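In case you want the letters, here they are:
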Amino acid sequence: MCSPSTIPYPTLPGIQFTSLVTSLVSNVTTQIPESLYVNNGALDIQGLSYCHVTTTYTHTGASDNVTIDVYLPIKGWNGRMQGIGGGGWVAGGVDFPLSAYSMLAAAAEGYSAVTTNAGHSSLSPYDWVLSSPGHVNHQLLENFASTSLNELSIIGKAITKSYFGKPPHHSYFSGCSQGGRQGMKLAEMYPTAFDGIAASAPAPYLTRLGVGNLWPHLVMKTIGKFSKNCELIAITEAAIEHCDAQDGLVDGVILDPEKCDFDPFSVVGNSISCNDTGILETIAISTTAAKVANATWAGSSLWWGVKKGTTLVNEDIGFATLPGLATTICSQDGTCVGKPAEIVTQWIQLLMEKDPDFDVSTVTATRFEELFRAAEEEYGAMFDVQPNFNAFRDAGGKIITYHGLADTIVPPDSTTHFYNELAAKDTKVHDYYRIFEAPGLSHCFSSFGGYYPAGIFKALVSWVESDIAPDKLPASTPSKDGAAHNGVLCPYPQKVRYSTSDGFYCCGDWKLGCEETTARVHEEL
């Protein structure tokens, strides 16, 4: 049954298939941590067997070579298909670890799992974004941005039908970060491709993010001084310590960063240990560091900042490195220079200047504004998500998002702003799209700390198939002593609150704030 002879090439205008191969994979036993199965919890896989179908194709008149992989469970197909998104500069594909693990997990849960590499498998954009010096590869960028996602749906459904004898009764898409943007773009451009979409920590305004996140480095360049990483780590720790207990629970998390009144200048002069220069020394937190922290939290007049409690610099946490927007590199003589986030350097070098050797540190405030506006003008239609999900809504689709309030790369306010734009045009948006802000959670992954909603994908399935809308989501975070704190996430614009008598609860709406509605919400609960 797992044979190319039983799975013909799908029919798709404008596409020429070049290969289709199958392989039977038997008795896979492994553990998938929740950080590698986004929108889901950890999964213990025992004895999974599946038919692995790989097909390649090219677009008529183009020289691309797109690969789609489909995992078809030998036993226990649940009648559904799950599309798996990518991350960073990768659309997906089984060569990308995040997508590969999610494919295995989805198949183990009974889904026909499908992913695409959109025509490239490299983790580095330097290998494919430029077709030649000074010229971007428009074909691969279009594939990456949106085109391959619709083809993923069509081809995945066709192969699933050929193998099982019937098409999936429901299809879903799951992604975070770039995968989250992919999901939102699907809802905008291809409203019938998937019935339900889990699009978490998305970047709906990707073009603006690519330039806008340079802001902390422009601030340091303007004042002529660069903070040390150890200073900003100490400031973040102080912010959490100051505001953690304000919500009634000491869990290492700021439940509502908007209510955090920590002033970084209050710790200027405090002594801290620092090893940024490679020599352990005791230094005092500087005024420069306080200014940089405030600027990174506030953002610029063009782009949002991150929330208080968010890691501001690259931080090694053992199994991974948390990225930060205000990272610097210091030499032994104490001189520091900026080290912008990789996506910022890559975006400006490759897509804006179209020169992989361009020195991003030369960007001035004036040039920053020019690049910010030029990025949206040149690539907005391709990458950014337009606030119009009307066709997706009319097709009966549902979309769900979680976004960590300690996200280090994608400002949470960009997601809620997008939701507000939708709501301004459609007062019924809550009927098909819900966002859940996750206190303390960094970019996508629960392993970084914060409240992670491991059941969000299953909540999506219930919403699509049983019309059970998620009014709140269970979430948990590990505490410093190893015990888990269990809480809830609330659908925006509601906020989560905590009281010693009632635990976690949701409050607030469009008209009233939490403090005005606490009594009423307690009665409802």
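Residues numbered from 1 in each chain as written. Predicted model: local features only at pLDDT ≥ 70, side-chain atom pairs only at ≥ 80, totals over all residues. Heavy atoms only, no water.

Caption draft 1: Fine view of the overall build of the protein. Scanning the protein from N- to C-terminus turns up 13 helices and 21 strands. Rg of the C-alpha trace for the protein: 23 Å, near the compact-globule value of 24 Å for 525 residues, within the 12% margin. Buried positions account for 57% of the 525 residues belonging to the protein. A separation of at least 24 residues holds for 67% of the contacts in the protein among residues at least 6 apart in sequence. If you average the places of the 31 positive and of the 54 negative side-chain charges in the protein, the two averages end up 6 Å apart. (Helix = DSSP H or I, 4+ residues; strand = E, 2+ residues; numbered from the N terminus. Rg over C-alpha atoms; globule rule 2.2 N^0.38 Å. Buried < 20%, exposed > 50% of the residue type's maximum accessible area, 1.4 Å probe, protein only. Contact = heavy atoms within 4.5 Å. Lys, Arg positive; Asp, Glu negative; His and termini not counted. Charge placed at Lys NZ, Arg CZ, Asp CG, Glu CD.)

Caption draft 2: Up close: the nonpolar core. Of all hydrophobic cores here, the largest spans 105 residues; its most connected members are Trp-347, Phe-383, Phe-389 and Tyr-433. For this core, the element with the highest residue contribution is helix H2 (residues 138-164), accounting for nine residues. When sequence neighbours within four positions are dropped, the list of residues in contact with Phe-389 reads Met-184, Ala-187, Glu-188, Ile-399, Phe-418, Leu-422, Tyr-432 and Tyr-433. With 49 residues, the next largest nonpolar core counts Cys-176, Ala-201, Phe-436 and Ile-456 among its residues. (Core = buried A, V, L, I, M, F, W, Y, C linked by side-chain atoms within 4.5 Å.)

Caption draft 3: Broad picture of the pairing of strand E8 (residues 170-176). By the criterion of burial, E8 is predominantly enclosed, with six of the seven residues buried. In the sheet, strand E4 (residues 80-84) pairs with E8 via five bridges, with the strands oriented parallel. By the bridge assignment, Met-81 is partnered in E8 with Ser-171. One ladder, built from five bridges, connects E8 with strand E9 (residues 196-200); its direction is parallel. Bridge pairing in E9 places Ser-174 opposite Ala-198. Between E8 and its parallel partner E9, the chain crosses via helix H3 (residues 178-189), and the hand of that crossover is right-handed. (Pairing = 2+ DSSP bridges. Right-handed = clockwise from strand over helix to strand, strands pointing away.)

Caption draft 4: Representation of the environment of Gly-180 within the structure. Note on placement: Gly-180 falls in helix H3. A relative accessible area of 0% means that Gly-180 is categorised as buried. The spacing of Gly-180 and Ile-68 is 112 residues in sequence and 19 Å in space, taken between C-alpha atoms. If we ignore the near neighbours within four places in the chain, the residues touching Gly-180 are Gly-175, Ala-199, Ser-200 and Pro-202.

Caption draft 5: Expanded view of helix H11 (residues 412-425). Across its 14 residues, H11 extends 21 Å between first and last C-alpha, which sits within 8% of the 20 Å expected from 1.5 Å per residue. Buried residues in H11 make contact with H3, strand E16 (398-404) and strand E17 (433-438). (Expected span 1.5 Å × (residues − 1).)

Caption draft 6: View of the environment of Asn-420. Along the chain, the position of Asn-420 falls in helix H11. On a C-alpha basis, the gap between Asn-420 and Ser-132 in space is 40 Å, while along the polypeptide they are 288 residues apart.

Caption draft 7: Quick peek at the packing of aromatic side chains. Enumeration according to the criterion identifies 29 aromatic pairs in this entry. Consider the rings of Tyr-163 and Phe-164, whose centres lie 4.8 Å apart with planes at 90°: the pair is edge-to-face. According to the relative accessible area criterion, Tyr-163 is buried, its value standing at 6%. Centroid distance Phe-389 to Phe-392: 6.4 Å. Interplanar angle 70°. Geometry classified as edge-to-face. (Phe/Tyr/Trp six-rings, centres within 6.5 Å; stacked < 30°, edge-to-face > 60°.)

Caption draft 8: Local environment of the state of the cysteines. Under the counting rule described, the total for this entry stands at six disulfides. Two residues share a disulfide in this structure: Cys-2 and Cys-51, whose sulfurs sit 2.1 Å from each other. The sign of the S-S torsion, about 80°, decides the handedness of the disulfide formed by Cys-2 and Cys-51: right-handed. Of this pair, Cys-2 sits in the segment before strand E1 (15-32) while Cys-51 sits in strand E2 (residues 43-59), placing them 49 residues apart in sequence. (Disulfide = S-S within 2.5 Å.)

Caption draft 9: Spatial organisation of the side chain of Asp-256. Counting through the fold element by element, Asp-256 comes out in the loop between helix H6 (229-244) and strand E10 (271-274). Taking relative accessible area as the criterion, Asp-256 reaches 10% and is therefore assigned buried. If we skip the residues at most four places from it in the chain, Asp-256 touches Lys-495 and Arg-497.

Caption draft 10: Highlighting the packing of H2 against helix H9 (residues 365-383). The contact between H2 and H9 brings their axes to 9 Å, and the two run at 50°. Here H2 is positioned oblique relative to H9, judged by the angle of their axes. Here H2 contributes His-138, Leu-141, Glu-142, Phe-144 and Ala-145 to the contact with H9, which in turn contributes Tyr-379, Met-382 and Phe-383. When the residues that make up the contact of H2 with H9 are grouped by side-chain class, the tally is six nonpolar, one polar and one charged. (Axes fitted to C-alpha atoms, helices over the stretch in contact; angles between N-to-C directions. Parallel < 35°, antiparallel > 145°, perpendicular 65-115°, else oblique. Nonpolar A, V, L, I, M, F, W, Y, C, P; charged D, E, K, R; others polar.)

Caption draft 11: Main features of the sheet that holds E8. Reading across the sheet, the nine strands line up as E1-E2-E3-E5-E4-E8-E9-E16-E17 and stay open at both edges, with mixed pairing between neighbours. Where the open sheet ends on each side, the last strands, each with one partner, are E1 and E17. Along the sheet, successive strands turn relative to each other by an average axial angle of 15°, direction set aside. For E4 and strand E5 (residues 112-116), the ladder comprises three bridges, and the chain directions are parallel. Note that in E5 the partner of Gln-82 across the bridge is Ala-113. Contacts from helix H1 (residues 97-108) reach E1, E2, strand E3 (66-73), E4 and E5, with the element oriented near 120° to E2. Packed on one face of the sheet, H11 meets E16 and E17 and runs near 155° to E17.

Caption draft 12: Spatial organisation of unusual backbone geometry. The amide bond that connects Tyr-492 to the next residue, Pro-493, takes the cis arrangement and shows omega of 10°. Tracing the backbone through its elements, the reader meets Pro-493 in the loop between strand E19 (484-489) and strand E20 (495-499). In this structure, Asn-39 is a non-glycine residue whose phi angle is positive, near 70°. Relative to the assigned elements, Asn-39 resides in the loop between E1 and E2. The class for Asn-39 is buried, based on a relative accessible area of 0%. Its identity as a non-glycine residue notwithstanding, Ala-118 has a phi of 60°, on the positive side. The topology assignment puts Ala-118 in the loop between E5 and strand E6 (130-132). Residue class for Ala-118 comes out buried when judged on its relative accessible area of 0%.

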